[in-house]
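Fold and geometry: a report
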Amino acid sequence: MQPSVVEQPYGGYVVTQPQTPILLQMNPVTQQLVQHEWNASLCGCFDNCLACVLTYMAPCYVFGKTAESIGDSCCCCACAFYFFPLNIVAFAIVRQKVRKQHGIDGNCCLDLLASTFCPLCTINQSYREMGLAGIVRQ
């Protein structure tokens, strides 16, 4: 499903995903998208215990569902989970797409580093950021 974008009268935009409203703000001076930080921290796995348990018990499912929520193939990404180094690249690509969709500051090198050294934390962070764990981005 594609997100819908609605311009707000105060100068921002609301992008809606299935069950996930996201407020993106525009800088009135530069007309650029204001960059945000991750709401779900990389090491905050225990902020949502259900998402944490699910990530560590069935990481391919969580990764596939996150990929599906950004428009990628759930099955292909879930299968990529089992093939090194393809899985690290796939984690970084999905993380980058989540970042861009939510207007989160960062770059592909940081995504690749996080995916290489903390793969399950990266999967869990992206899953929680997308609101798939029952958390709605503020």
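Notes on the structure follow. (Residues numbered from 1 in each chain as written. Predicted model: local features only at pLDDT ≥ 70, side-chain atom pairs only at ≥ 80, totals over all residues. Heavy atoms only, no water.)

The buried fraction of helix H6 (residues 119-129) amounts to nine of the eleven residues, a majority that puts the element mostly inside the structure. Within H6, burial applies to Cys 121, Thr 122, Ile 123, Asn 124, Gln 125, Ser 126, Tyr 127, Arg 128 and Glu 129. Residues of H6 that are buried sit in contact with helix H1 (49-57), helix H2 (59-69), helix H4 (86-102) and helix H5 (108-117). Gly 131 lies just past H6 and shows a positive phi near 80°. (Buried < 20%, exposed > 50% of the residue type's maximum accessible area, 1.4 Å probe, protein only. Helix = DSSP H or I, 4+ residues; strand = E, 2+ residues; numbered from the N terminus. Contact = heavy atoms within 4.5 Å.)

Time to look at the pattern of salt bridges. A full pass over the atoms with the stated rule returns five salt bridges. In this structure, the salt-bridge partner of Arg 95 is Asp 111, at a minimum N-O distance of 2.9 Å. Taken together, the residues Arg 95 in helix H4 and Asp 111 in helix H5 connect sequence positions 16 residues apart. Classification of Asp 111 by relative accessible area gives buried; the value is 1%. Among the ionic contacts, a cluster of salt bridges with common partners joins Arg 95, Arg 99 and Asp 111. (Salt bridge = Lys/Arg side-chain N within 4 Å of Asp/Glu carboxyl O.)

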